[in-house]
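Per-entry structural report
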Amino acid sequence: MKKRARTKKILILLSSLFETGGIQRYNKHLCEALSQKFGDVLFKAILLEGSSEKKRERWPNIQIEPTQGFSNAFLRKTFYAFRVFLISFLSPPKCILCGHPGLSPIAFYLKKIFGLKYAVFAHGIEVWDVISGSKRRGLENADLIVTVSRYTKERMILNGLGG
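Residues numbered from 1 in each chain as written. Predicted model: local features only at pLDDT ≥ 70, side-chain atom pairs only at ≥ 80, totals over all residues. Heavy atoms only, no water.

Okay, the overall build of the chain next. The helix and strand inventory of the chain stands at six helices and six strands. Helices (α) and strands (β) of the chain occur, in sequence order from the N terminus, as β-α-β-β-α-β-α-β-α-α-β-α. With respect to the principal axes defined by its C-alpha atoms, the chain has extents near 55 × 35 × 35 Å. A burial count over the chain gives 44% of its 163 residues as buried. For the chain, contacts bridging at least 24 residues in sequence account for 62% of all contacts bridging at least 6. The averaged location of the 12 negative side-chain charges in the chain is 6 Å from the averaged location of its 27 positive side-chain charges. (Helix = DSSP H or I, 4+ residues; strand = E, 2+ residues; numbered from the N terminus. Buried < 20%, exposed > 50% of the residue type's maximum accessible area, 1.4 Å probe, protein only. Contact = heavy atoms within 4.5 Å. Lys, Arg positive; Asp, Glu negative; His and termini not counted. Charge placed at Lys NZ, Arg CZ, Asp CG, Glu CD.)

Right, let's get into the sheet that holds strand β3 (residues 62-66). Strand order in the open sheet formed by six strands is β3-β2-β1-β4-β5-β6, with parallel pairing between adjacent strands. Here the strands that pair on one side only, and so sit at the sheet edges, are β3 and β6 (144-147). On average, adjacent strands in this sheet sit at an angle of 20° to one another, irrespective of strand direction. Of the strand pairs in this sheet, strand β2 (residues 41-47) and β3 are connected by five bridges, and their pairing is parallel. (Pairing = 2+ DSSP bridges. Axes fitted to C-alpha atoms, helices over the stretch in contact; angles between N-to-C directions.)

Right, dumping it as structure tokens:
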């Protein structure tokens, strides 16, 4: 029996995946759903923090790549952004799923440079208050914003985002 060729590649930008926390749990559920629903799509998840040691084989179409080797947060974030740009240049994805609003500026610049569409998953307090600068630009230019609750959506709309 021949395996079907994976037709699309989607880049997932995640802050972390296997550590403890609400966003991490949401990211795990996201990966689970994507893997089950879109088995013919190849996903590449780039983690800002954490490791891929706990990668489960239940996500065979999701390649998880951690960003390791930097204890300095600024250097880690700079290397992360550079790495995401390099991956997007060498092997352009069909689109980007941005698992945290803080990573949306990277997706925004990928859209400007390479014309890639992107979606941002918005989690609670990170988007409840007034947002300015590059994070706001990243959210304003997203092709889709997915909020994890109705309350988060309402707060974003009150702050002039989405609608």
